[in-house]
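A closer look at the structure
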Amino acid sequence: MIFFQALLLFFFGAAAFLIFFMTAYLLIRKKWRKKYAKWDSMIDLLLRKAIFFNESGSSADQPIPVTPRLRVNLENSRFRAQLTKKITAAKKNMSGQAGQNIKKLYLQLDLDTHAIKLIETGKWHLMAVGIQQIGTMELKEHLARIYRFTNNKNELVRAEAQLAVLNLFGFEGLRFLDVITYQLSEWQQMKLLKELSVIPHVNLTGIDKWLKSENASVVVFALKLARNYHHFELYQEIVACLEHLESSVRTQAIYTLTEIYSEDTSKKLLDRVPLEEYNNQLAILKAVKKIGDEADLPRLQGLLNTEDLEMKLSVVRAMASLSQSGMDLLMAWPQSQSYPLKEIITQVKSEIRV
Amino acid sequence: MSWQTIVLDFFTYGLLIYSILLLSCYMFIGGYSIGEIRTYLRKNSFTDYRVLASSTQAPSISILAPAYNEGANIIENVRSLLSINYNNLEVIIINDGSKDDSLEKLISAYDLYKTDFFVNKRIPTKDVLGVYKSRKAVYKKLIIVDKQNGGKADALNVGVNISQNDYIVCIDVDCILEQDALLKLAKPFLEDSKIRVIATGGVIRIANSCIVENGRLVKVNLPKQFLPRVQTLEYIRAFLLGRMAWSRLNGLLLISGAFGAFDRDIVIKCGGYNHNTVGEDMELVVRMRRYMEEQKVPYKVSFIPDPLCWTEAPASFKILGRQRNRWTRGTIETLQLHKVMFFNPKYGRLGMISYPYWFFFEFLAPIVEFLGLLSFVIFVLLGLIHWSFFIGLLLFIFSFGFLYSVFAILMEVLTYNQYKSSKDLLMLIITAFLEPFIFHPFVVWSAIKGNIDLLRKKNSWGEMTRQGFTKKTV
């Protein structure tokens, strides 16, 4: 009984403590919310001053005026975090002189020192914040410090470091692809491509090297770069990726070859069909539908006998879209008037009509 | 030592050991979920979902929404699904042989025409009567499938057969999704390059008393009625603590049928939804996991703590009872179907941790609780044990349950804080206090009835009548 009573007291006591903690937390948060609102207006005013700094006739060498109260508040880590968050958000959305003024304010308030301190904490979520700030503020002098994190064991740290390096050096920043040993996730690849899409495209070199990387995700990313930036000169290297050991690389090579292709690409892709796994076979048929020509019809016709209905549908789609001869061949095919080919052809015809 | 003493000791100590084990599991789950939620929130603060929304390389998704006699709200529900923020999307509504005018309403509202669509029956299903598309370009994402009635699992399997995309998101047609729900649900599939993510789930919240406008949730309110409110608390506990902890362990066995995303390729390879069970959502996840274990392919079932989907909870004991009865039968059927995995090291964590946990603490818990309580009452009446011991044991269990609920409320406050007013939080705490007296005994009783119904081979779904959401009034 004493055992029960002790546990009973403990559980109720713990529940009462949690309720007390929750109440205190909510009260403090309410208080902080009011404070944050005040800080927000103070920071907004400062940002406005910074953005229009040159328009008020001030010389570029002069510092942006900062109130003594704000300087005092800077000692408060919460205020500093709020200020940094707003400054970096403003910098992301602004270019030209306004962006430069925001950067000037950031440096004037010594916020870069705090970013470095965050990086030096060794805690992944703080390091990522610091790295992100350095990148957004384009502080090129910290490249050496940031660059080594592009192959960090923590995925968030290395992801932010890779983005920061792109922010600092544009396409040249991609040289981290030479050294990374960790895989680039699909998500990270999308973020990198998005970041690159807003950077002026200049002289992208190194793709040929990355296409031969031992890191399969680097090869996939290089294939995406070749496709997005139309690197036709890499055609042979891309075709070579069709024989890569990793299936994901071969899939991406097929996608890239639908954008970068020559007269014989569809033939090369069709050659791969018997050697490929199922999903890549379907990808090849989709590619041939887009880039093939009448010369591919006999090869496609040979695939019509497949038992797999998904594959059959893809073959019919490819044949029907290549030319009228493709459709004529389909209609002349012995099984074209019986299930399932008849139904598949009807569907494809209606797709073409739409 | 007399036989009465032996029986009594067996019951007393057996029940005590079981209770301690169960409470230890809950404590572990509560503590273990904290790390997962914290990591997720920290990582998420760096996530810009616009990257995914605008990318042409975003994974393609098919939403599958079965509908049976949903004519009253079907137009608004479909409009809500079409307004979801995601580019690479098709919305497939499967009319499962509705007896009302659902199809006619859809044809008229969305200017539909019957297409020549070849249905590749990779998963065997009842016959498809027609596939409809809209003449209007603005509804180009929409596909309506009319089929013979075959139940929810069969309807979802038709959707899987029709879908053209890489991932399927299965939802209840009357659920309300957050605008960025698909972006958040799609991201885990892109994050890991070494392990294949086969399914992702998100948090489901209770929408009773919330305000809905044009198929969108515009104001979150704590349910005014007791039953939906106690289910709100139950969902917070289950999703924010339970599933996050299981996700961290990579041992999640259930992604709610109301909202979950799946790798279509794996779903097809596994044979789709099983229409011989009323717990088709859990059964599919277990079968997919079993398939991956047998293929020896590294995989993960992911879960995210963001509230993504809002649904109406049963507000009457009658409907709630049917729902819990069905959930119990679904759990038992799933466990039966995959009993080969029970403590089978071949299935790794799935066989050694997840399955045994569900067997001992999800399937057996209501039975043990019911029989234990009954036995203790008899022992007290026979004078074999002192009533103070019995009350002490009950209070011990009650105090822990209350503590666990308060902890869940605290986690909610510290993370998503959907119920902001102090009054709402006080109501939640009072609800946590009352739950063991009203809601919990009813749920246990419904589970017992589920067990009995299964033994009697009753396998009905149980009608779910809904009251409808609160609409904004002008």
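Residues numbered from 1 in each chain as written. Chains lettered and ligands numbered in written order. Predicted model: local features only at pLDDT ≥ 70, side-chain atom pairs only at ≥ 80, totals over all residues.

- Going by the annotation in an unreviewed UniProt entry, the name recorded for chain B is Glycosyltransferase family 2 protein, with Pedobacter panaciterrae given as the source organism.

Overview of the overall build of chain A
- Helix and strand content of chain A: 19 helices and 0 strands.
- When the backbone C-alpha atoms are referred to their principal axes, chain A occupies close to 85 × 80 × 40 Å.
- Here the analysis covers contacts within chain A between residues at least 6 apart in sequence; of these, 63% occur between residues at least 24 apart. (Helix = DSSP H or I, 4+ residues; strand = E, 2+ residues; numbered from the N terminus. Contact = placed C-beta atoms within 7 Å.)

Quick word on the overall build of chain B
- Looking only at helices and strands, chain B has 14 helices and 13 strands in total.
- The C-alpha atoms of chain B give a radius of gyration of 23 Å, which matches the 23 Å a tight globule of 474 residues would have.
- Based on the C-alpha atoms only, the size of chain B along its principal axes is roughly 80 × 55 × 45 Å.
- Residue burial in chain B is summarised as follows: out of 474 residues, 45% are buried.
- If you take every contact in chain B between residues at least 6 apart in sequence, the share linking residues at least 24 apart comes to 79%. (Rg over C-alpha atoms; globule rule 2.2 N^0.38 Å. Buried ≥ 20, exposed ≤ 12 C-beta atoms within 10 Å, placed from the backbone.)

Considering the interface of chain B and chain A
- Opposite the 34 residues of chain B that make contact, chain A presents 35 residues.
- Taken together, the residues of the side of chain B that touches chain A sort by class into 18 nonpolar, 9 polar and 7 charged. (Nonpolar A, V, L, I, M, F, W, Y, C, P; charged D, E, K, R; others polar.)

Things to note about the nonpolar core
- Ranked by size, the top nonpolar core spans 129 residues in total, and within it L64(B), V169(B) and V285(B) carry the most contacts.
- When residues in this core are grouped by element, the largest group, 12 residues, is from helix α12 (residues 387-414) of chain B.
- If we ignore the near neighbours within four places in the chain, the residues touching V169(B) are I61(B), I63(B), L64(B), L182(B), L185(B) and A261(B).
- Ranked by size, the runner-up nonpolar core spans 81 residues in total, among them I43(A), L234(A), L270(A) and I284(A). (Core = buried A, V, L, I, M, F, W, Y, C linked by C-beta atoms within 7 Å.)

Notes on the packing of helix α1 (residues 3-44) of chain B against helix α7 (residues 226-248) of chain B
Residue and element names in this part refer to chain B.
- Between α1 and α7, the shortest axis-to-axis distance is 7 Å and the interhelical angle comes to 70°. Here α1 is positioned roughly perpendicular relative to α7, judged by the angle of their axes. Between α1, through I29, G30, Y32, S33, G35, E36 and I37, and α7, the contact on the second element is made entirely by L240, L241, G242, M244, A245, S247 and R248. (Axes fitted to C-alpha atoms, helices over the stretch in contact; angles between N-to-C directions. Parallel < 35°, antiparallel > 145°, perpendicular 65-115°, else oblique.)

Concerning the environment of L337(B)
All names here are of chain B.
- Mapped onto the fold, L337 is located in helix α10 (residues 317-337).
- Judged by local crowding, L337 falls into the partly exposed class, with 17 C-beta atoms found within 10 Å.
- Spatially, the C-alpha atom of L337 lies 9.6 Å from that of T277, the residues being 60 residues apart in sequence.

Describing the sheet that holds strand β12 (residues 299-311) of chain B
All names here are of chain B.
- Taken in spatial order, the 10 strands of this open sheet run β3-β4-β5-β2-β1-β6-β11-β8-β12-β7, and their pairing is mixed. The open sheet terminates on both sides in strands that have one partner only, identified here as β3 (112-115) and β7 (176-177).
- Two elements, strand β1 (residues 61-67) and strand β6 (residues 167-171), share 4 bridges in a ladder whose sense is parallel. Counterpart to S62 in the pairing with β6 is I168. (Pairing = 2+ DSSP bridges.)

Description of the pairing of β1(B)
Residue and element names in this part refer to chain B.
- Where burial is concerned, most of β1 is hidden: 7 out of the 7 residues are buried.
- Judged by which residues are buried, β1 turns out to be covered on both faces: I61, I63, A65 and A67 on one side and S62, L64 and P66 on the other are all buried.
- With 7 bridges connecting them, β1 and strand β2 (residues 89-96) associate as parallel partners. Paired with L64 across the bridge in β2 is I92.
- For the crossover from β1 across helix α3 (residues 74-82) to β2, the handedness is right-handed. (Right-handed = clockwise from strand over helix to strand, strands pointing away.)

Let's talk about helix α3 (residues 77-93) of chain A
Residues and elements named next belong to chain A.
- The terminal C-alpha atoms of α3 lie 24 Å apart, and with 17 residues this matches the ideal 24 Å at 1.5 Å per residue to within 8%.
- Turning to α3, its buried residues are L83, T84, I87, T88, A90 and K91. On an axial view of α3, the arc spanned by its buried residues comes to 160°, and they lie on one face. Turned more than 90 degrees away from the buried face of α3, the exposed residues are R78 and N93.
- Buried residues belonging to α3 abut α1 (2-51), α4 (96-108), α5 (111-120) and α6 (124-136). (Expected span 1.5 Å × (residues − 1). Arc of directions from axis to C-beta.)

Points about the packing of α10(B) against helix α11 (residues 348-381) of chain B
Residues and elements named next belong to chain B.
- At a closest axis distance of 10 Å, the pairing of α10 and α11 adopts a crossing angle of 155°. Put simply, α10 runs roughly antiparallel to α11. Judged by the twist between their axes, the crossing of α10 over α11 is left-handed. The segment α10 lies against α11, with T331, I332 and L335 engaging W358, F359, E362 and F363.
- Among the residues forming the contact of α10 with α11, the class breakdown is 5 nonpolar, 1 polar and 1 charged. (Left-handed = near helix turned anticlockwise from the far one by under 90°.)

Focus on the UniProt feature "transmembrane region" (unreviewed entry) in chain B
All names here are of chain B.
- Mapped onto the present numbering, the UniProt feature "transmembrane region" (unreviewed entry) falls on residues 12-34, 357-381, 387-413 and 425-448.
- For residues 387-413, helix accounts for 100% and strand for 0%, while the C-alpha atoms at its two ends are 39 Å apart.
- Annotation note: span residues 425-448, helix share 83%, strand share 0%, distance between end C-alpha atoms 32 Å. (UniProt positions renumbered as here; feature names shortened; annotations may be inferred.)

Some remarks on helix α17 (residues 309-322) of chain A
- Here α17(A) contains 14 residues, and its C-alpha end-to-end distance of 20 Å stays within 8% of the 20 Å for a straight helix at 1.5 Å per residue.
- A large share of α17(A) lies buried, amounting to 10 of its 14 residues.

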